[in-house]
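The chain contents come next:
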Amino acid sequence: MDLSFTAEQEAFRRQVRTWIKANLPVRERDAPPLEQGDPKRIQAMKDWQRKLYGAGYVAMGWPKEYGGQAADVVQQTIVNEELVLARAPGLIGMMGIQMVGPTLMKFGSEEQKRRHLPHILNAEEIWCQGYSEPGSGSDLASLKTRAELVGDEFIVNGQKVWTSNAQHAHWMFCLVRTDPAAPKHKGISYLLIDMRSPGVTVRPLIQMTGDPGFNEVFFEDVRVPRQNLVGELHQGWQVANATLAHERNMLGSTTVTQHMFNGLLRLAQSRERGGRPAADDPVIRQRLADLLIRVEAMKYHAFRQLTDTIKKRPPGIGASVNKLVSTELNHDIAAMALEVMGSYGLLARNARHVVDRGSWPNEFMFTLGLVIGGGTSQIQKNIISERGLGMPRGA
Amino acid sequence: MDFGLSEEQEQLQQSARDFLARECPTALVRELARSEDGFARGFHQKLAGMGWTGLIIPDAFGGVGLSMLDLAVLSEEMGRAVMPGPFFASSGLAALALINGGASALKKEWLPRLVSGEAIGALAFLEESDRLDCEGVVARASKTRTGYRLNGVKMFVLDAHVADFLIVAARSRAHGENGICLFLVPRDTPGVTVAPLPNVDQTRRPCEVVLRNVDVPASARVADETKGWKTLSRVIDAACVLLAADSLGGAQRALEMAVEYAKAREQFGKPIGSFQAVKHLCAEMVSEIEPSRSLLWYAAYAYDHETRNAARAASMAKARLSDVYARTTNRAVQIHGGIGFTWEHDMHLWFKRAKWNEAAFGNATYHRERLANLAGF
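Counting from 1, residues in each chain are numbered in the order their sequence is written. Lettering of chains starts at A and numbering of ligands starts at 1, both following the order in which they are written. Two thresholds apply to this predicted model, a pLDDT of at least 70 for residue-level local features and 80 or more for giving and counting side-chain atom pairs, whereas whole-chain, interface and lining totals are computed over all residues.

(A) Main features of the overall build of chain B. The helix and strand tally for chain B stands at 11 helices and 10 strands. Here the globule rule reads 2.2 Å times residues to the power 0.38, and the radius of gyration is calculated from C-alpha atoms. For chain B, whose C-alpha radius of gyration is 21 Å, the value lies close to the compact-globule estimate of 21 Å for 377 residues. Overall, the C-alpha framework of chain B stretches about 80 × 45 × 40 Å when taken along its three principal axes. Note on burial: count the other C-beta atoms lying within 10 Å of the residue's C-beta; 20 or more is buried, 12 or fewer is exposed, in between is partly exposed, and C-beta positions come from the backbone. Across the 377 residues in chain B, those meeting the buried criterion constitute 55%. Excluding contacts between residues fewer than 6 apart, the proportion of contacts in chain B whose partners are at least 24 apart in sequence is 74%. Secondary structure follows DSSP: runs of H or I at least 4 residues long count as helices, runs of E at least 2 residues long count as strands, and numbering of each begins at the N terminus. Contacts here follow a simple rule: the backbone-placed C-beta atoms of the two residues must lie within 7 Å.

(B) Inspection of the interface of chain A and chain B at higher detail. Residue-level contacts link 37 residues of chain A with 39 residues of chain B. At the level of elements, α8 (282-310), α9 (318-341) and α11 (377-388) of chain A are the ones that each hand at least two residues to the side of chain A that touches chain B. Per element, the largest residue contribution to the side of chain A that touches chain B is 16 residues, and it comes from α8(A). In this count, Pro and Cys sit with the nonpolar residues alongside Ala, Val, Leu, Ile, Met, Phe, Trp and Tyr, while Asp, Glu, Lys and Arg are called charged and the others, Gly among them, polar. In the side of chain A that touches chain B, the residues fall into 23 nonpolar, seven polar and seven charged.

(C) Just helix α7 (residues 254-270) of chain A, in detail. Residues and elements named next belong to chain A. The terminal C-alpha atoms of α7, which comprises 17 residues, lie 24 Å apart, in line with the 24 Å expected from a rise of 1.5 Å per residue. Buried residues of α7: Thr254, Thr257, Gln258, Met260, Phe261, Leu264, Leu265 and Ala268, and no others. Looking straight down α7, one finds that the buried residues subtend no more than 160° of arc, so they occupy a single side. Considering only its buried residues, α7 is in contact with α8 and α9. Take the number of residues in a helix, subtract one, and multiply by 1.5 Å to get its expected span. Our arc is simply the arc of the directions from the helix axis toward the C-beta atoms.

(D) Structural detail: the pairing of strand β2 (residues 140-143) of chain B. All names here are of chain B. DSSP-based pairing: two strands are paired if at least 2 bridges between them are found. Relative to strand β3 (residues 147-158), β2 runs antiparallel, the two being bridged by four bridges. Across the sheet, residue Lys143 finds its bridge partner in β3, namely Tyr148. What sits between the antiparallel neighbours β2 and β3 is a turn of three residues.

(E) Spotlight on the domain arrangement of chain B. All names here are of chain B. Reported domain spans reflect what an automatic or database domain assignment gives. Taken domain by domain, chain B consists of domain 1 (7-119), domain 2 (122-225) and domain 3 (229-374). Distance between the C-alpha centres of domain 1 and domain 3: 21 Å. Among the elements of the structure, α2 (26-34), α4 (68-80) and α5 (87-101) are those that each provide at least two residues to the side of domain 1 that touches domain 3. Across the side of domain 1 that touches domain 3, the residue classes break down as 11 nonpolar, seven polar and three charged.

(F) Broad picture of the packing of helix α7 (residues 228-264) of chain B against helix α10 (residues 347-359) of chain B. Residues and elements named next belong to chain B. Angles here are taken between N-to-C directions and fall from 0 to 180 degrees, while the axes themselves are lines fitted to C-alpha atoms, restricted in helices to the stretch in contact. Put simply, α7 and α10 touch, their axes get as near as 10 Å, and they point 150° apart. In terms of orientation, α7 lies roughly antiparallel with respect to α10. Between α7 and α10 lies a crossing whose hand is left-handed. Residues Leu243, Asp246, Ser247, Gly250, Arg253, Ala254 and Met257 of α7 touch α10, and the partners they reach there are Met347, Trp350, Arg353, Ala354 and Asn357. Class assignment of the residues belonging to the contact of α7 with α10 gives a composition of six nonpolar, three polar and three charged. The scheme is simple: roughly parallel for angles under 35 degrees, roughly antiparallel for over 145, roughly perpendicular for 65 to 115, oblique for anything else. Less than a right angle of anticlockwise turn of the near helix away from the far helix marks a crossing as left-handed, whereas a clockwise turn marks it as right-handed.

(G) Broad picture of the pairing of strand β5 (residues 188-194) of chain A. All names here are of chain A. Counted residue by residue, β5 has six buried out of seven residues, so it is predominantly covered. In this sheet, β5 lies alongside strand β4 (residues 171-177) in antiparallel orientation, the contact comprising seven bridges. In the strand pairing of β5, Phe173 is matched with Leu192. Here β5 pairs with strand β8 (residues 229-230) via two bridges, running antiparallel. Residue pairing in the sheet places Tyr190 in a bridge with Val230 of β8.

Right, dumping it as structure tokens:
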């Protein structure tokens, strides 16, 4: 057991920290993600990713031939940690970097990789995920958006929902039904759809936060070239499963959780309850301590999983445990912040006397969305019990 | 970055698991639970034969000289087996008190005997107040011409009734951390009276120890007056890590028993494990146990390698695993339904151990407050 980083890794960390300090604009610190923010920020976000990529800090683990550095996972982890510590905003191209890119590298044609990977890395093209439908959420495999192969084109008709950033996206990776006669898991294909295609309509949906964070996307006779099929025809479910595993790991980011807790602790130390600092109240101390313990447990759990990745051990249901635990923990941290703030907790962003720029009630709501999205907690528990413990399915 | 068990530790874990599955089945646990002492010297000798009684004792004294993480791995397996007996008190607490305390003559005399299994040690520090801070030590050590005279009542002293010696915490000054001394007191010293306290968790044997004018020589002092509390604090931190490890092993086993039962037991024409409510309880257990394992490993590692974080980490592990083991066994009993509530079924062995582990050396509430202080809230 060794928690230390090597001298080279520590030197690398210092280099990254120095670079971030010199290159992250102060106004970008704590900037909200695109879903919650201002469309005018898109250019600033693209510029930031481009700069970061130019410094060699984006998708470091990708093969060199596709724009990465074949770097080990520890280096990317160090960069990710340093970015969170510096309160840098999330990358606008995260969907492409963490989900589409690895999928194309595993299942895509050379042409698809050549066409898309560079633009994912330099933030020129933004991606959205076309999975959920009004009738297909947890039961994703029941999806109905139809793609009929006619000659060398697919004709796509249907609708996707909860599509984050569709209004800004250039491309969608989309699950469609190509064989309605087959059992549901066997009739799905994975298509790349150009969002500027005729017949694509994007309609924003307002989240409870008040932000147009996701969208409905309608397809009316949208023509998609056959070469935009990823993997084999009707094999889309296998391709998607690879992507879903990535999504669960992405959602379980322990460094972000630690950062949230630190903000909560600062809040509790600076706000008063009953005439004294909230952090002096014995009951609040108990609850803060319990949250800290859960946060620290996930931090060491992340080190353990990093080690398992380095040693190429199979991840098992670890991603589901991460997603379940981290999303609920983040929501509980935000809930505690509202408790500490009392009546101030529900003040809107533009109210006088608002605390922390109104970020906490927003976090409280948004984190609940993350408990649901990417596979609800209930679905994660099904996966953990069925695939992890071998318990019988269905009933 | 290599966060995990080494190959040797994995081997230690597997060999301990196999050994205890063979040598410490629940039949033995129940037999020892029924017995007067809760202790079988033959079984203790087997542990010595495996090298475990000296696992953490430096090889200069005949031990194996391994780390807190190694001892935690072993303790996890012992918790998995709800193993009764004085191992924790003797090869854990008493051994660590001697190792950390520093009196070399005492180490030379007693550590090899702990290693061989011929001697059992016990740690006597809690009193009637059940306070874990230094003011909980009220027992007095008055200086005499040849040494010290000890007076007081010690409570919840694990395995004092079978111990050959007790490490007793007493104070030479009225208040404060300074003035707390540790003394090695052979159990048969005149004035020492041990009364077992029958316990709901029958795998643990706490005792009341009354000290009435117990005279010990100056050489009985385990640590200098200025180091007594420091030594004791380190031992308490170790106790937290080792109990957390015991809890981790027990929780894992309880989960496995619940899952196995749920797969086999049928109601409404299907295994109860196919019902979502039951599946979700099991998934929740997994999602609490696995990150706790990581936390425990860190606490054991920090004890040896990050001493400035050791106390914090010990409190985190103890608080978390106390909650997790108790919650897991509560769920496991419920998943077993009525049969989980019987004496005949084994489930209550883990259920009770969870509650004892929770209360011993500070419960979750105590350790959360301690963490709040150490973390500077």
